[in-house]
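# Secondary and tertiary structure notes
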Amino acid sequence: MTNPGNSVLVIGDYRQTLTIIRSLGRAGYRVIAGVSGPGCGVEHSRYASAAWEHPGVVSNESDFLSALVAYLREADNCVAVFPVGDAEISCLARNAALLPDSLVTVMPSPDTALLCQDKQAVYELVTALGIPSTGGRTVASYQDLESAVDEIGCPCVIKPNDPLEPFLGVKAIILRDGDRLRSAVPHWPEGHDQVLVQPFFSGDRHTCHFAAVDGEVLSFSEYRILRTDRADGTGYLVDGVSMKPHERLQDYVQALAAGLGYSGVGSAQFLVDEASDTAAFLEINPRLGASCALPYHCGSDLPLMAMQIAEYAAGASSKPTAVAEKNIVGKRIAWVFGGLQGVLHDWRNGRINLSQAAESVVRSISSLFRRGCHATWWWKDPLPTLVIYGT
């Protein structure tokens, strides 16, 4: 097993990076924060021992890889690299052969990670496993997009097959009854070979954080997204609550993990309609979600489990065992900064009026004083969040 005190390079400056750095730093690892520009101020965390500034992973992948290989060659006692976001995971999965054989890479296997990032391939797997989903069609041209929308009808959802490419400034587009495709999607999204068109499923988004080894789920926690940074609910969480896990969703995640032979941590999302007692698979991510601070503060240390699973996969430790979940119900998580940014975005784009904007601002600020946890803020490690607000 990797000895605490050895260095772990954490690459990707995201909200969940702070939870990862805090977890590993408190566990005794020497954490190096990889940064490439303005982000969540992760290098200012009291649990980060050092920072490594590198070229952008997306903007200049070849330079990033050259810099990473050179850094690992020279770094003292750096035994593991922990890629955090989709771009970082994709880059290392596609270029695993360039990394030192002795390096522990904290992510699922390259094949598993890349499959999870291909939404169409995942939906085919989900169908084969008998997990309900909204289905839909993959299209590769604007003409086929128009045909798919006509065939599926409104309301429907249009979203990218590749999550790494920007998609018209949003995560997904909901076409409701009466909406016109040409107004919502005026042109084919640049950088995308394919997009997905799916029937709209009415329900709340539930995120399931999990850890698995060789296809066996060892840890499972669930929360419901109450509000996002977009008025139509398609954005990122700004308010959520932990809940007692649904046995059905646990079974779905176990089936997915087994079907993928999954080893690592991840997050799966489902749409759940309590009124009709139905659920539909939305996506699976081969990484920790941006709100992993919630299970962490509920006692589920997924970043540390990710390290332990990666060490086991590398043959450096024994197989981790299942953990008894506390399943704290009703604990809230908020992302205040994202909520305020979302209000400004929706108001500027005419999606909400001034009264609605004011109400959303009050709700965002009031969450500062609610008992629970925050996506970035933690009183034991305040500087990163203060840096975010100061920039």
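The text that follows walks through the structure, step by step, so that each part is easy to find. These numbers come from a predicted model, not from an experiment.

Cut-offs and rules
Per-chain numbering applies: the sequence of each chain, read as written, is numbered from 1 onward. Whole-chain, interface and lining totals are the exception, using all residues; otherwise, since this is a predicted model, local features are given only for residues with pLDDT of at least 70 and side-chain atom pairs are given and counted only at 80 or more. With hydrogens and water set aside, each side-chain value is computed from the structure's full complement of heavy atoms. Here a helix means four or more residues in a row that DSSP labels H or I, a strand means two or more in a row labelled E, and each is numbered from the N terminus. C-alpha atoms define the radius of gyration, and 2.2 Å times the number of residues to the power 0.38 defines the globule rule. Throughout, exposure labels follow a simple rule: accessible area from a 1.4 Å probe, protein chains only, divided by the maximum for the residue type, with under 20% read as buried, over 50% as exposed, and the rest as partly exposed. For this analysis, residues touch if any pair of their heavy atoms sits within 4.5 Å. All accessibility values rest on the Shrake-Rupley procedure with a 1.4 Å probe; residue burial counts only the protein chains present in the view. For two strands to count as paired, DSSP must find a minimum of two bridges between them. With axes taken as lines fitted to C-alpha atoms, and helix axes fitted only over the stretch in contact, angles between N-to-C directions fall between 0 and 180 degrees. Every case where a carboxyl oxygen of Asp or Glu lies within 4 Å of a side-chain nitrogen of Lys or Arg is listed as a salt bridge. Put simply, two rings from Phe, Tyr or Trp (the six-membered ring, in Trp's case) pair if the centres are within 6.5 Å, and we call them stacked under 30 degrees between planes, edge-to-face over 60, tilted for the rest. Both a distance and an angle decide whether a charge sits over a ring: NZ of Lys or CZ of Arg must be within 6 Å of the ring centre and within 35 degrees of the ring normal.

Take the overall build of the protein chain next. Helices and strands together make up the secondary structure of the protein chain, namely 13 helices and 16 strands. Relative to a compact globule of 391 residues, whose C-alpha radius of gyration would be 21 Å, the protein chain shows 21 Å and is just as compact. Here the C-alpha coordinates of the protein chain stretch approximately 60 × 45 × 45 Å along the principal axes. Counting every position in the protein chain, which comprises 391 residues, the buried fraction comes to 51%. Taking the contacts inside the protein chain whose residues are at least 6 apart along the sequence as the reference set, 68% of them involve residues at least 24 apart. Looking at the protein chain as shown, the accessible area adds up to about 17400 Å², and 50% of this sits on carbon and sulfur atoms.

We now examine the sheet that holds strand 5 (residues 104-105). Here five strands make up an open sheet; going across it, the order is 3-2-1-4-5 and the pairing parallel. What marks the edges here is a single partner per strand, and that holds for strand 3 (48-53) and strand 5. For strand 2 (residues 30-35) and strand 3, the ladder comprises five bridges, and the chain directions are parallel. Directly across from Ile 32, in strand 3, lies its bridge partner Ala 50. On the sheet, helix 2 (residues 61-74) packs against strand 1 (7-11), strand 2, strand 3 and strand 4 (78-83) and is oriented at approximately 170° with respect to strand 1. Relative to the sheet, helix 3 (residues 86-94) contacts strand 1, strand 4 and strand 5, its axis offset from that of strand 4 by approximately 125°.

Looking now at the pattern of salt bridges. What the rule picks out here adds up to 11 salt bridges. Note that Glu 283 is salt-bridged to Lys 119, the shortest N-O span being 2.9 Å. Of this pair, Glu 283 sits in strand 14 (residues 278-285) while Lys 119 sits in helix 5 (residues 119-129); the two residues are 164 residues apart in sequence, bridging distant segments of the chain. By relative accessible area, Glu 283 is classed as buried at 14%.

Looking now at the packing of aromatic side chains. A complete count under the given rule lists eight aromatic pairs for this structure. Aromatic side chains Tyr 47 and Trp 378 sit 6.2 Å apart centroid to centroid with 25° between the ring planes, which places their arrangement in the stacked category. Of this pair, Tyr 47 sits in the loop between strand 2 and strand 3 while Trp 378 sits in the loop between strand 16 (372-374) and helix 13 (383-390); the two residues are 331 residues apart in sequence, bridging distant segments of the chain. For the pair Tyr 47 and Trp 378, a shared accessibility class is recorded, and that class is buried. Taken together, the ring pairs in this structure connect Tyr 123, Tyr 252, Phe 270 and Phe 281 into an aromatic cluster. Above the ring of Trp 335, the side-chain terminus of Arg 15 is found at 3.6 Å from the ring centroid. Taking NZ or CZ as reference, Arg 176 lies 5.5 Å from the ring centre of Phe 200, over its face.

Of all five residues making up strand 7 (residues 156-160), five are buried, and the element is well covered by its neighbours. Along strand 7, one buried face is formed by Cys 156, Ile 158 and Pro 160 and the opposite face, lined by Val 157 and Lys 159, is buried too. The pairing of strand 7 with strand 9 (residues 195-199) spans five bridges and is classified as antiparallel. Looking at the pairing, Ile 158 lines up with Val 197 of strand 9. Pairing analysis gives three bridges linking strand 7 to strand 8 (residues 173-175), with the strands arranged antiparallel. Pairing of Cys 156 across the sheet is with Leu 175, part of strand 8.

To continue, consider unusual backbone geometry. It is generally the case that most residues other than glycine have a negative phi and that most peptide bonds are trans. Residue Pro 155 is reached from Cys 154 by a cis peptide bond, and omega for that bond is 5°. Its place among the elements puts Pro 155 in the loop between helix 6 (142-152) and strand 7. With a phi angle near 55°, Asp 277 is a residue other than glycine that sits in the positive phi range. Relative to the helices and strands, Asp 277 resides in the loop between strand 13 (264-273) and strand 14.

Quick look at the sheet that holds strand 13 now. The strand order 14-13-10-11-12-15-16 describes an open sheet built from seven strands, whose pairing is mixed. Looking at the sheet topology across the chains shown, the edges are occupied by strand 14 and strand 16. Recorded for the sheet is a direction-independent mean angle of 25° between the axes of neighbouring strands. Sheet topology note: the strand 13/strand 14 ladder contains seven bridges and is antiparallel. Paired with Phe 270 across the two strands is Phe 281, which belongs to strand 14.

Purely geometric numbers; function is a separate question.
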